[in-house]
Amino acid sequence: ESIEPAAMIDDAPDPAFREFISEIMMTKYQLSRETREGGTRWEPGEPRRIAADSLLAIRKKSLRARKLDNQEEMKKVSARGEDVLPYMKRNTVLDEELAKLEKEGLGTPPGH
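Anyway, here's the lowdown on the structure attached to this text.

Looking at the overall build of the chain
So, step 1. The helix and strand tally for the chain stands at 4 helices and 0 strands.
So, step 2. Start at the N end of the chain and walk to the C end: the helices and strands fall as α-α-α-α.
So, step 3. Relative to its full complement of 112 residues, the chain shows a buried share of 15%.
So, step 4. Sequence separation of 24 or more characterises 62% of the internal contacts of the chain that already satisfy a separation of 6 or more.
So, step 5. Carbon and sulfur atoms provide 57% of the accessible area of the chain, an area that totals close to 8800 Å².

Written as structure tokens, this is what we have:
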């Protein structure tokens, strides 16, 4: 069954998902253009690895967004003169989670 990416983008209620699909399509366009212009041949990726890489990228992006949200909230709390220690701790936890994902790297399907 063929999937129309533009329709997926238009129908997606989540802005982050729309952005993710757009990024994938832009990457596909860039690869297609480079292949056409340079005559480079490439092999399609293994679906499980692509899925694992995609999930890992989504998790990293989510953690980065949560970290930014936490930092913004910490600024607001600090401006009100309240205790920022819980936000600092949360930031450390998010940094550790992100570092763990970075260490895992891309391309290793879960359970392999």
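Observations regarding the pattern of salt bridges
So, step 1. Considering all chains together, one arrives at 5 salt bridges under this definition.
So, step 2. Note that Glu 102 and Arg 64 form a salt bridge whose closest N and O atoms lie 3.0 Å from each other. Placement of Glu 102 in helix 4 (residues 85-104) and of Arg 64 in helix 3 (residues 47-79) is noted, with a sequence separation of 38 residues between them.
So, step 3. Between Lys 67 and Asp 95 there is a salt bridge, and its shortest N-O distance comes to 2.5 Å. In this pair, Lys 67 sits in helix 3 while Asp 95 sits in helix 4, placing the two residues 28 residues apart along the sequence.
So, step 4. With relative accessibility at 32%, the residue Asp 95 sits in the partly exposed group.
So, step 5. Residues joined by salt bridges that share partners form a network here, namely Lys 60, Arg 64 and Glu 102.

Conventions used here
- Residues numbered from 1 in each chain as written.
- Predicted model: local features only at pLDDT ≥ 70, side-chain atom pairs only at ≥ 80, totals over all residues.
- Heavy atoms only, no water.
- Helix = DSSP H or I, 4+ residues; strand = E, 2+ residues; numbered from the N terminus.
- Buried < 20%, exposed > 50% of the residue type's maximum accessible area, 1.4 Å probe, protein only.
- Contact = heavy atoms within 4.5 Å.
- Areas by Shrake-Rupley, 256 points an atom, 1.4 Å probe, with all protein chains shown as cover.
- Salt bridge = Lys/Arg side-chain N within 4 Å of Asp/Glu carboxyl O.

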